[in-house]
Amino acid sequence: MIRFYKTPWFTRVLYPSCIFTIPSHNKIYLTFDDGPDPEATPWVLDELDKFNAKATFFCIGKNVELNPEITKKIVRKQHLIANHTFNHLKGWDSTDEVYIRDIEKYEKLISQFTSSKRLFRPPYGRAKRSQIRKLTGFKSIMWSHLSWDFDPSLNTRLAVTKLKKAKAGSIIVFHDSQKAFKNLKIILPEILNHFQHKGMKFDTLA
Ligand SMILES: [Zn+2]
């Protein structure tokens, strides 16, 4: 299997309206998908604090329902919460109507915690183009770099080396999930350390 740590050009061609990088000269954008998780998310929040880093959490609605206190903590620490659907739907397997309704269900839930910036990331980084098009009022956020932290057979040394190639304006994906936690614990501190030493700031996407 080929692991693309850097998003290949053809993905950008497939989704011309999606955002893959943010113009910046000194910021890296860390994003965490699939939480909140009772174990991984509090650890991530502590780790970010150590580096005075802000990040964006693409939460799943059903996990927000299960973990309201952790959700509040993300908001309290001035990170950004964004939409990753309510049920982590696969766009390919969903009708446009079901897909959009799931995203709106998430927005309704999250409005109890924070004012939404209406940023959306499709689960698995894939959706039908018709679905992306129908998401009016949302910005669809992909990524420039993927950590592969969810992969149990990951070579974390190699992942760290590849992620260090990110530049100002890069959007990096991690996962605050049980599945990714073992790898995340190794990769995230190294990445925070590396880019802090390069004089980068870690900021939210909006
Ligand atoms: Zn996801």
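Reference entry: report on the structure contained in this document. Remember, it's a predicted structure, so these values are computed and weren't measured experimentally.

## A closer look at the packing of helix 2 (residues 40-50) against helix 8 (residues 178-197)
Closest axis-to-axis distance for the helix 2/helix 8 pair is 11 Å, and the angle between their directions is 10 degrees. Looking at the two axes, helix 2 sits roughly parallel to helix 8. Contacts between helix 2 and helix 8 involve Ala40, Trp43, Val44, Glu47 and Leu48 on the former and, on the latter, Phe181, Leu184, Lys185, Leu188, Pro189 and Leu192. A class-by-class count of the residues in the contact of helix 2 with helix 8 yields nine nonpolar, no polar and two charged.

## Points about the coordination of the zinc ion
Looking at the zinc ion, the protein donor atoms are Asp34 (OD), His84 (NE2) and His88 (NE2), and they sit 2.0 to 2.1 Å from it. In the primary sequence, the donor residues of the zinc ion line up as D-x49-H-x3-H. Placement of the pair is aspartate 34 in the loop between strand 1 (27-33) and helix 2 and histidine 88 in the loop between strand 3 (80-83) and helix 5 (96-110), with a sequence separation of 54 residues. The same class applies to aspartate 34 and to histidine 88, which are both buried.

## Brief notes about the layout of surface pockets
Put simply, the largest pocket is a space of about 740 Å³. Tyr124, Gly125, Arg126, Trp143 and Leu146 are, among the 33 residues lining the largest pocket, the residues nearest its centre. For the lining of the largest pocket, the secondary-structure elements that each account for two or more residues are helix 1 (9-14) and strand 7 (171-175). Looking at the lining of the largest pocket, the element that brings in the most residues is helix 1, giving three residues. Its residues placed into classes, the lining of the largest pocket shows 19 nonpolar, seven polar and seven charged.

## Comments concerning the packing of helix 7 (residues 156-163) against helix 8
Packing of helix 7 against helix 8 leaves a shortest axis separation of 10 Å and a crossing angle of 30 degrees. When the axes of helix 7 and helix 8 are compared, the pair comes out roughly parallel. Handedness of the helix 7/helix 8 crossing: right-handed. Listed contacts from helix 8 to Thr156, Arg157, Ala159, Val160 and Leu163 of helix 7 are Asn183, Ile186, Ile187, Glu190, Ile191 and Phe195.

## Details of the nonpolar core
Leu30, Phe32, Leu48, Phe57, Ile172, Phe174 and Leu205 are the most contacted members of the largest nonpolar core, which has 50 residues in total. For this core, the secondary structure elements donating two or more residues are strand 1, helix 2, strand 2 (56-59), strand 3, helix 5, helix 7, strand 7 and helix 8. Sort the elements by how many residues they give to this core and helix 8 lands first, with seven residues. Once you skip the residues sitting within four places of it in the chain, leucine 205 turns out to touch Ile22, Tyr29, Thr31, Thr56, Phe58, Leu80, Leu119, Ile141 and Ile171.

## Digging into unusual backbone geometry
Put simply, glycine 35 and proline 36 share a cis peptide bond, and its omega is -5 degrees. With respect to the helices, strands and loops of the structure, proline 36 is situated in the loop between strand 1 and helix 2. You will see that histidine 88, though not glycine, has its phi angle at about 55 degrees, which is positive. Residue classification places histidine 88 among the buried residues on the basis of a relative accessible area of 16%.

## Remarks on the packing of aromatic side chains
In the structure shown here, the tally under the stated rule is seven aromatic pairs. Ring geometry for tryptophan 9 and phenylalanine 10: centres 5.8 Å apart, planes at 80 degrees, overall edge-to-face. By relative accessible area, phenylalanine 10 is classed as partly exposed at 40%. Through successive ring pairs, a cluster of aromatic residues spans Phe4, Trp9 and Phe10. Over the ring of phenylalanine 86 we find lysine 105, and its NZ or CZ is 4.1 Å from the ring centre. Of note, arginine 121 hangs over the ring of phenylalanine 58, and the distance from its end group to the ring centre comes to 4.3 Å.

## So, helix 7
For helix 7, every residue scored as buried is listed here: Thr156, Ala159, Val160 and Leu163. Angular distribution of buried residues about the axis of helix 7 spans 100 degrees; they occupy a single face of the element. In this structure, the buried residues of helix 7 make contact with strand 6 (145-146), strand 7 and helix 8. Structurally, the start of helix 7 carries an N-cap: the backbone nitrogen of arginine 157 is 3.0 Å from a side-chain oxygen of asparagine 155.

Each value, and the rule that gives it
Residues numbered from 1 in each chain as written. Predicted model: local features only at pLDDT ≥ 70, side-chain atom pairs only at ≥ 80, totals over all residues. Heavy atoms only, no water. Axes fitted to C-alpha atoms, helices over the stretch in contact; angles between N-to-C directions. Helix = DSSP H or I, 4+ residues; strand = E, 2+ residues; numbered from the N terminus. Parallel < 35°, antiparallel > 145°, perpendicular 65-115°, else oblique. Contact = heavy atoms within 4.5 Å. Nonpolar A, V, L, I, M, F, W, Y, C, P; charged D, E, K, R; others polar. Donors = N, O, S within 2.8 Å, 3.2 Å for Na, K, Ca; no water. Buried < 20%, exposed > 50% of the residue type's maximum accessible area, 1.4 Å probe, protein only. 1 Å grid on protein atoms, 1.4 Å probe; cavity = no way out; pocket = protein on both sides within 12 Å on 5 of 7 lines; lining within 4 Å. Points joined across faces, edges and corners; volume = space filled by probe spheres on them. Left-handed = near helix turned anticlockwise from the far one by under 90°. Core = buried A, V, L, I, M, F, W, Y, C linked by side-chain atoms within 4.5 Å. Phe/Tyr/Trp six-rings, centres within 6.5 Å; stacked < 30°, edge-to-face > 60°. Lys NZ or Arg CZ within 6 Å of the ring centre and 35° of its normal. Arc of directions from axis to C-beta. Polar contact = N/O pair within 3.5 Å; in protein donor to acceptor, adjacent residues only side chain to side chain.

Everything listed here is a matter of coordinates, which is why it stays silent on function.
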